[in-house]
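Summary of structural features
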Amino acid sequence: MQLSTRNQLDGTVVSITRGSAMAVVRVRLTGGDEITSSITRDAVDDLRLTDGMPVKVLVKATEVTLGVE
(Lines give C-alpha, C1' and ligand atoms only; values in the text may rest on other atoms or scores of the structure.)
Protein backbone atom coordinates (compact mmCIF):
# COMPACT_ATOMS: atom_id res chain seq x y z
CA MET A 1 0.00 0.00 0.00
CA GLN A 2 1.31 3.45 -0.87
CA LEU A 3 0.37 6.39 1.32
CA SER A 4 0.66 10.14 0.89
CA THR A 5 1.87 10.55 4.47
CA ARG A 6 5.58 11.38 4.25
CA ASN A 7 6.53 10.89 7.91
CA GLN A 8 6.71 7.10 8.09
CA LEU A 9 8.80 5.57 10.88
CA ASP A 10 9.55 1.89 11.48
CA GLY A 11 9.12 0.58 14.99
CA THR A 12 8.09 -2.25 17.29
CA VAL A 13 5.14 -2.33 19.68
CA VAL A 14 6.46 -2.19 23.26
CA SER A 15 3.18 -2.17 25.15
CA ILE A 16 -0.57 -1.76 24.76
CA THR A 17 -2.58 -0.24 27.62
CA ARG A 18 -6.30 -0.68 27.09
CA GLY A 19 -8.86 1.68 28.58
CA SER A 20 -12.63 1.39 28.35
CA ALA A 21 -12.81 2.82 24.81
CA MET A 22 -9.26 3.81 23.85
CA ALA A 23 -5.84 2.20 24.01
CA VAL A 24 -2.36 3.69 24.30
CA VAL A 25 0.17 1.90 22.11
CA ARG A 26 3.83 2.52 22.91
CA VAL A 27 6.24 1.95 20.02
CA ARG A 28 10.05 1.83 20.06
CA LEU A 29 11.39 3.37 16.87
CA THR A 30 14.35 1.94 14.98
CA GLY A 31 16.72 4.52 16.50
CA GLY A 32 15.66 3.64 20.07
CA ASP A 33 13.31 6.56 20.74
CA GLU A 34 9.76 5.79 21.81
CA ILE A 35 6.46 7.28 20.68
CA THR A 36 2.89 6.65 21.83
CA SER A 37 -0.34 6.58 19.90
CA SER A 38 -3.87 6.77 21.32
CA ILE A 39 -6.19 4.70 19.16
CA THR A 40 -9.51 2.98 19.71
CA ARG A 41 -9.63 -0.50 21.22
CA ASP A 42 -11.41 -1.60 18.04
CA ALA A 43 -8.40 -0.41 15.99
CA VAL A 44 -6.06 -2.45 18.20
CA ASP A 45 -8.22 -5.52 17.59
CA ASP A 46 -8.66 -4.84 13.85
CA LEU A 47 -4.88 -4.47 13.40
CA ARG A 48 -4.28 -7.48 15.70
CA LEU A 49 -1.59 -5.50 17.52
CA THR A 50 0.58 -7.41 19.99
CA ASP A 51 3.74 -6.68 21.95
CA GLY A 52 6.85 -7.19 19.81
CA MET A 53 4.98 -6.69 16.54
CA PRO A 54 6.69 -4.57 13.86
CA VAL A 55 4.62 -1.53 12.83
CA LYS A 56 4.91 1.54 10.65
CA VAL A 57 4.23 4.79 12.55
CA LEU A 58 2.56 7.38 10.33
CA VAL A 59 2.75 10.97 11.57
CA LYS A 60 0.45 13.57 10.06
CA ALA A 61 -0.07 16.72 12.09
CA THR A 62 -1.52 20.08 11.26
CA GLU A 63 0.24 21.64 14.24
CA VAL A 64 3.32 20.85 16.31
CA THR A 65 3.75 22.87 19.50
CA LEU A 66 6.87 23.16 21.65
CA GLY A 67 7.34 24.85 25.00
CA VAL A 68 10.26 25.75 27.25
CA GLU A 69 10.63 27.34 30.66
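Thresholds applied
- Residues numbered from 1 in each chain as written.
- Predicted model: local features only at pLDDT ≥ 70, side-chain atom pairs only at ≥ 80, totals over all residues.
- Heavy atoms only, no water.
- Helix = DSSP H or I, 4+ residues; strand = E, 2+ residues; numbered from the N terminus.
- Contact = heavy atoms within 4.5 Å.
- Areas by Shrake-Rupley, 256 points an atom, 1.4 Å probe, with all protein chains shown as cover.
- Lys, Arg positive; Asp, Glu negative; His and termini not counted.
- Charge placed at Lys NZ, Arg CZ, Asp CG, Glu CD.
- Patch = residues over 30% accessible without salt bridge, like charges linked within 9 Å, V, L, I, M, F, W, Y side chains within 5 Å.
- Salt bridge = Lys/Arg side-chain N within 4 Å of Asp/Glu carboxyl O.
- UniProt positions renumbered as here; feature names shortened; annotations may be inferred.

Brief notes about the overall build of the protein
- The number of helices and strands found in the protein is one helix and four strands.
- Starting at the N terminus and ending at the C terminus, the protein contains elements arranged as β-β-β-α-β.
- The principal-axis extent of the C-alpha atoms belonging to the protein is close to 35 × 35 × 25 Å.
- A separation of at least 24 residues holds for 40% of the contacts in the protein among residues at least 6 apart in sequence.
- Of the roughly 5700 Å² that the protein leaves accessible, carbon and sulfur atoms contribute 50%.
- Side chains of the protein carry 8 positive and 9 negative charges; the gap between the two charge centres is 6 Å.

As for a nonpolar patch on the surface
- A cluster of nonpolar side chains, namely Met1, Leu3 and Leu58, defines an oily patch on the protein surface of about 360 Å² accessible area.
- Note that Leu3 resides in the segment before β1 (7-18).

With respect to the UniProt feature "domain: Mop" (unreviewed entry) in the protein
- According to UniProt, the positions carrying the feature "domain: Mop" (unreviewed entry) are residues 2-68.
- Measuring from the first to the last C-alpha atom of residues 2-68 gives 37 Å, for a span that is 10% helix and 49% strand.

Details of the side chain of Thr5
- Residue placement: Thr5 occurs in the segment before β1.
- Here Thr5 is in contact with Leu58, Val59 and Lys60, once residues within four sequence places are set aside.

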